[in-house]
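# Close look at the chain arrangement
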Amino acid sequence: MSHIEQLAKTGEQKQQSARSFDSYGLLACLVTSMFLIAWIKLASKSLNVGSVAFLFALPWGLLRAGAIVTAALRFYSFFALDFLLGVIVVSIAVMTWKFFVPLSLWVLLIVLLVAITTIPKVLPRHRRYPLSALGLLSIIVSLIAATGWSQDLIFPTIPQDGTVVFKPWSDFFIHATFVARSLGAKTLFQIGNYEWKGFPAIFYHYASYSIPILLAKAGSVPSYTTVVGFWAPFGSFLTGLASYALGRAFWSQGAGLAALVATFLIPDLCLLNIAHPTYGYFWLQHAAPGGLYGVAVAGTALILIGQGVREGRRIWIASGVVVGAFVVFFKIQIFAAAFPLL
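Residues numbered from 1 in each chain as written. Predicted model: local features only at pLDDT ≥ 70, side-chain atom pairs only at ≥ 80, totals over all residues. Heavy atoms only, no water.

## Some words on the overall build of the protein
- Broken down by element type, the protein carries 16 helices and five strands.
- Since a compact globule built from 342 residues should have a radius of gyration of about 20 Å, the 20 Å found for the protein is in line with a globular shape.
- Along the first, second and third principal axes, the C-alpha set of the protein runs to 65 × 50 × 40 Å.
- Looking at the protein residue by residue over its 342 residues, the buried ones come to 51%. (Helix = DSSP H or I, 4+ residues; strand = E, 2+ residues; numbered from the N terminus. Rg over C-alpha atoms; globule rule 2.2 N^0.38 Å. Buried < 20%, exposed > 50% of the residue type's maximum accessible area, 1.4 Å probe, protein only.)

Structure below.
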C-alpha cells in the first residue's frame, strides 16, 4: 500500500481544492498575518496601510504559489508544505528579477499577483489535505517560538545613558544595505558591489532577502526594521514549520508536532551554559538568519526526495534535488552540508 493510500485510511481522506481554504487554514493565515504585523509594529513602533495590507495578503499568496508546484507535480499537499514551497518559489522569482530585470518592483508585484491567481486555473485540479486542529496548533507554536527566539530583534533598541543601544548583531546593518539597494529599478549587476564601487555584485544569499524586499517596497518599511522585524523572525518561523512538515510527511501530524518541539522549543547546550556560546545553534542562526531559510528549504527538499523514493516517483526526486540546489541562494553553508546528503 502506498503512503498516500495509507493517509487516506487515517482520517485524512477528506480533501479540499488547493484553490480554497478550510476554516482552520483560513484561521492559520489570519493568525500568521497578525504575528507578522505585530513583529513589524514592535520593531518600528509604527504601522502603515501598505505594510498591513501586504502582510495580510502574504500567507494567502505563498499558499497559492506553493499549490502551483504541488499541482504541477501531482504531489499530495498540506498547508505547511504548500507554504514552504510558496516561500521558495516567490523568493527565487524575486531574486531572478533583481538579477536580470531592470524594472520597478511594483511591476514584479503585479506579475506575481497575476501569476498566483491565474496559473492554478490552467493546472490539473489539485487537492490539499485540510488543516487540522493539531496542524493549526503547530503553526501557532511555531509563531510563538519564533517570537521568543527573536526578542532582541523585534525589540531592537533600548535607551541607555542618553544614547541608543542596538541589541541585534552588528551584521544586521549590512543585511539592511542588501535590502535597501534592491528597492530601486536597477539590477544587482547594474548596482555592483555595495562595498567597492565598480566591482561586480558578490555571490551572496540574495534569495533570503526576497520577501523582505517586497515588504520594504510595498509597505514603505525602513530596511533595518524589515531585517530585524521580519526577515529574521519569519525565517525562524519557517524552520519550525519545516520541522513539523518533515514529521508530518514521513509519519503523522503527531510526529510533526513532536519534531517541532524537539528542534525548536528545547534550548541548545550553549543556552544551558554547557557548551561554548560562540557555537550555539540558535545564536548563530539569528546572527545570520539566511541560515534559517536555508534549513527550511533543505527540509522541504528532503520531503520531496523522501516521498519520491517511497512512492517511486522520479519527478518528485528530481524536483527535490532542484529545491536542494536552491539552498545555495539562501545560505551556502547550509547547502554545503545538506546537498551531498540529499
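## As for the pattern of salt bridges
- Considering all chains together, one arrives at one salt bridge under this definition.
- One salt bridge in this structure joins Lys167 and Asp152, with 3.9 Å as the shortest N-O distance. With Lys167 in the loop between β5 (163–166) and α8 (171–180) and Asp152 in helix α7 (residues 151–154), the pair connects residues that are 15 residues apart, well separated along the chain. (Salt bridge = Lys/Arg side-chain N within 4 Å of Asp/Glu carboxyl O.)

## A few points about the pairing of strand β4 (residues 157–160)
- Pairing analysis gives four bridges linking β4 to β5, with the strands arranged antiparallel. Residue pairing for β5: Ile158 is matched across the bridge by Val165.
- Hairpin connection of β4 to β5: two residues between the antiparallel strands, including Asp161 at a positive phi of 55°. (Pairing = 2+ DSSP bridges.)

## Considering the environment of Leu292
- Within the fold, Leu292 resides in helix α14 (residues 290–311).
- Sequence-distant contacts of Leu292, defined by excluding residues within four places in its chain, comprise Ala232, Gly235, Ser236, Thr239, Gln285 and His286. (Contact = heavy atoms within 4.5 Å.)

## Describing the packing of aromatic side chains
- Applying the stated criterion to the full structure yields 28 aromatic pairs.
- A centroid spacing of 5.1 Å and a plane angle of 80° characterise the contact between Trp169 and Trp283, whose relative ring orientation is edge-to-face. Here the residue Trp169 occupies a position in the loop between β5 and α8, and Trp283 occupies one in helix α13 (residues 281–287), the gap between them amounting to 114 residues.
- The structure contains a cluster of three or more aromatic residues connected by ring pairs, namely Phe99, Phe100, Phe172, Phe178, Phe189, Tyr204, Tyr206, Tyr209 and Trp231.
- Across from the ring centre of Phe78, 4.1 Å away, lies the NZ or CZ of Arg248, which sits over that ring.
- The positively charged end of Arg313 is found above the aromatic ring belonging to Trp316, 4.7 Å away from the centroid. (Phe/Tyr/Trp six-rings, centres within 6.5 Å; stacked < 30°, edge-to-face > 60°. Lys NZ or Arg CZ within 6 Å of the ring centre and 35° of its normal.)

## A look at the side chain of Ser236
- Residue position: Ser236 is located in helix α11 (residues 223–250).
- Engagement of the side chain of Ser236 in a polar contact is seen with the side chain of His286, the distance being 3.4 Å. (Polar contact = N/O pair within 3.5 Å; in protein donor to acceptor, adjacent residues only side chain to side chain.)

## Brief notes about the nonpolar core
- Leu55, Phe83, Leu214, Phe230, Phe234, Phe237 and Leu238 are the most contacted members of the largest nonpolar core, which totals 93 residues.
- Once you skip the residues sitting within four places of it in the chain, Phe237 turns out to touch Thr32, Trp39, Phe83, Ile139, Ser142, Leu143, Ala146 and Phe264. (Core = buried A, V, L, I, M, F, W, Y, C linked by side-chain atoms within 4.5 Å.)

## Some points on unusual backbone geometry
- In this structure, Asp161 takes a positive phi of about 55° despite not being glycine.
- Assignment of secondary structure puts Asp161 in the loop between β4 and β5.
- On the basis of relative accessibility, which here comes to 75%, the residue Asp161 falls in the exposed class.
- A positive phi angle is found at Ser220, which is not glycine, with a value near 50°.
- The exposure class assigned to Ser220 is exposed, which follows from its relative accessible area of 58%.

## Focus on the packing of helix α5 (residues 105–122) against helix α10 (residues 210–219)
- Where α5 contacts α10, the axes come no closer than 10 Å and their chain directions differ by 110°. In terms of orientation, α5 lies roughly perpendicular with respect to α10. Packed against α5, whose contacting residues are Leu105, Trp106, Leu108, Leu109 and Leu112, the element α10 presents Ile213, Leu214, Lys217 and Ala218 at the interface.
- For the contact of α5 with α10, the residue count by class is eight nonpolar, no polar and one charged. (Axes fitted to C-alpha atoms, helices over the stretch in contact; angles between N-to-C directions. Parallel < 35°, antiparallel > 145°, perpendicular 65-115°, else oblique. Nonpolar A, V, L, I, M, F, W, Y, C, P; charged D, E, K, R; others polar.)

## Concerning the confidence of the model for the protein
- With 94% of its residues at a pLDDT of 70 or more, the protein has an overall mean of 90.
- This model gives residues 1–13 a pLDDT under 50, and the stretch forms 21 contacts once residues within four places in sequence are excluded. (pLDDT = per-residue confidence, 0-100.)

## Observations concerning the environment of Ala176
- Along the polypeptide, Ala176 turns up in helix α8.
- For Ala176, a relative accessible area of 9% gives the class buried.

## Some details on a nonpolar patch on the surface
- Taken together, the side chains of Tyr24, Leu26, Leu27, Leu30, Met34 and Phe56 define a hydrophobic patch exposed on the protein surface, amounting to about 540 Å² of accessible area.
- If one sorts the elements of the nonpolar patch by residue count, helix α2 (residues 23–44) sits on top with five residues.
- Locating Leu27 in the fold gives a position in helix α2. (Patch = residues over 30% accessible without salt bridge, like charges linked within 9 Å, V, L, I, M, F, W, Y side chains within 5 Å. Areas by Shrake-Rupley, 256 points an atom, 1.4 Å probe, with all protein chains shown as cover.)

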